Amino acid sequence: MKLLTRIHRLIRHGGPVELIKGAFRFVYWQSGLRATQHALGYKFHGSPVTKTINNTTASFEVSTPAEYARANTLHNERSVIANVIQSLNSDNVFYDIGANVGTYACFVGQLLDDGNVITFEPHPANIKRLQENAALNNLQVEVRPVALSNEHGTSKLDVSGEDDQAGVGTHSLSTGDTGRTIQIGMIEGDRLIEAKEIPPPSVMKIDVEGAEQLVLEGLSSALESEQCHTIYCEVHPDRISDFGGSEQELRELLNINGYTIQIIKNRSPEYFLKAYQ
């Protein structure tokens, strides 16, 4: 059933071309070729994994072949990271929302003034690895162990199907009573800014597995400011309605605040948009 659902989503959002690409990806993953490739890479190269994009170099601690694979492939987001790097000025403030193990933060931190990278990540294993990666790269990165949303309080993070390994990247705010969850704190970004706990953002990257509209709603005042000139957001069309949102509402929220929207990476059904002013 899950496979049929995935096929339907690929056709609906990407057409026959994305279906063919998806089929090749499926064969690559299910055949064991990917696992074998990265197991050998981990065995011979180990930790850390060092990557360079646009003359900017960052290194990442890994402790398993699966974590090696994620670091080595940069979660298949190299082109997005390159775009982010090109959008920055050294005095910008960067918010990494859904920071995971700090892939974006560690590249961006090489380019910004000390203390200008602020990360938001609620998953304990990811927080630990994020802090280790920041230290490995000699970066002063602020780590906020909360989820950004449109309200203040506590919530549950769905970690069903995961082990306790860092960097898995599929956890999300829980939308039901099933599955394995952990309790986390959540808060509006605007609340932190108004309390002067953090400076307002210049550039944001958002990857929160369907809750992206909630994040933007909680940063509505920041969006109205001309200081926030660029937003990178992974949109999950098949999940955003689980959190009471929609693609149309998300785009309208950006448009009414003067942002121009451009899709910069499509990996159906998810895609990365860049909103800039």
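Below is a short write-up of the structure. Worth saying up front: this structure is predicted, and the values here are computed from it rather than measured.

Cut-offs and rules
- Residues numbered from 1 in each chain as written.
- Predicted model: local features only at pLDDT ≥ 70, side-chain atom pairs only at ≥ 80, totals over all residues.
- Heavy atoms only, no water.
- Helix = DSSP H or I, 4+ residues; strand = E, 2+ residues; numbered from the N terminus.
- Expected span 1.5 Å × (residues − 1).
- Buried < 20%, exposed > 50% of the residue type's maximum accessible area, 1.4 Å probe, protein only.
- Contact = heavy atoms within 4.5 Å.
- Core = buried A, V, L, I, M, F, W, Y, C linked by side-chain atoms within 4.5 Å.
- Pairing = 2+ DSSP bridges.
- Axes fitted to C-alpha atoms, helices over the stretch in contact; angles between N-to-C directions.
- Right-handed = clockwise from strand over helix to strand, strands pointing away.
- Phe/Tyr/Trp six-rings, centres within 6.5 Å; stacked < 30°, edge-to-face > 60°.

A few words now on helix H6 (residues 124-136). Given a rise of 1.5 Å per residue, 13 residues ought to cover 18 Å, and the 18 Å separating the end C-alpha atoms of H6 matches this to within 8%. For H6, the complete set of buried residues consists of Ala-125, Asn-126, Ile-127, Arg-129, Leu-130, Asn-133 and Ala-134. Buried-residue contacts for H6 involve strand E2 (56-60), helix H3 (65-73), helix H5 (103-108), strand E4 (117-120) and strand E5 (141-144). Once H6 ends, the next one or two residues include Asn-138, with phi positive near 55°.

Counting residues in hydrophobic clusters, the biggest one holds 40 residues, and the most contacted among them are Tyr-95, Ile-97, Phe-120, Leu-219 and Ile-231. By size, the runner-up hydrophobic cluster in this structure holds 30 residues, among which are Phe-60, Leu-74, Phe-94 and Phe-272.

Strand pairing in a sheet takes place through backbone hydrogen bonds and is either antiparallel or parallel in direction. The strand order E5-E4-E3-E10-E11-E13-E12 describes an open sheet built from seven strands, whose pairing is mixed. Of all the strands in the sheet, the pair left with one neighbour each is E5 and strand E12 (260-267). Strand-to-strand twist across the sheet, computed as the mean angle between neighbouring axes with direction ignored, equals 15°. As paired elements, E12 and strand E13 (residues 270-276) share seven bridges and run antiparallel to each other. Note on E13: the bridge partner recorded for Arg-267 is Glu-270. Packing of helix H4 (residues 78-86) onto the sheet brings it into contact with strand E3 (94-97), strand E11 (230-235), E12 and E13, and relative to E12 it is tilted by some 150°. In the packing of helix H10 (residues 247-255) onto the sheet, contacts are made with E11, E12 and E13, and the angle to E13 comes to roughly 15°.

The subject of this paragraph is the pairing of E3. Of the two faces of E3, the one carrying Phe-94 and Asp-96 and the one carrying Tyr-95 and Ile-97 are both buried. As paired strands, E3 and E4 are joined by four bridges and run parallel to one another. Counterpart to Ile-97 in the pairing with E4 is Phe-120. One crossover worth recording links E3 to the parallel E4 by way of H5, and it is right-handed. Inspection of the sheet shows E3 paired to strand E10 (residues 203-206) by four bridges, in the parallel sense. Paired with Phe-94 across the bridge in E10 is Val-203.

With that settled, the discussion passes to the sheet that holds strand E8 (residues 172-173). Across the sheet, which stays open at both edges, the four strands sit in the order E6-E9-E7-E8 with mixed pairing between neighbours. Each edge of the open sheet is held by one strand with a lone partner, namely strand E6 (147-148) and E8. One ladder, built from two bridges, connects E6 with strand E9 (residues 181-187); its direction is parallel. The residue bridging Leu-148 from the neighbouring strand is Ile-187, located in E9.

With respect to the secondary-structure elements, Asn-257 resides in the loop between H10 and E12. By relative accessible area, Asn-257 is classed as buried at 16%. Ignoring anything within four residues of it in the chain, the contact list for Asn-257 reads Leu-223, Glu-224 and Gln-277.

Of note, the amide linkage connecting Ser-268 to Pro-269 takes the cis form, showing an omega dihedral of 5°. Relative to the assigned elements, Pro-269 resides in the loop between E12 and E13. In this model, Asn-76 sits at a positive phi of 60°, which is unusual for a non-glycine residue.

For the coordinates displayed, the defined rule picks out two aromatic pairs. Their ring planes at 50° and their centres at 5.9 Å tell us that Phe-60 and Phe-107 sit as a pair that is tilted. In this pair, Phe-60 is assigned in strand E2 and Phe-107 in helix H5, connecting sequence segments 47 residues apart. Seen from their ring centres, Tyr-95 and Phe-120 are 5.4 Å apart, and the 65° between their planes marks the pair as edge-to-face. Here Tyr-95 is found in strand E3, whereas its partner Phe-120 is found in strand E4, with 25 residues between them in sequence. Comparing Tyr-95 with Phe-120 shows no difference in burial state: the two are buried.

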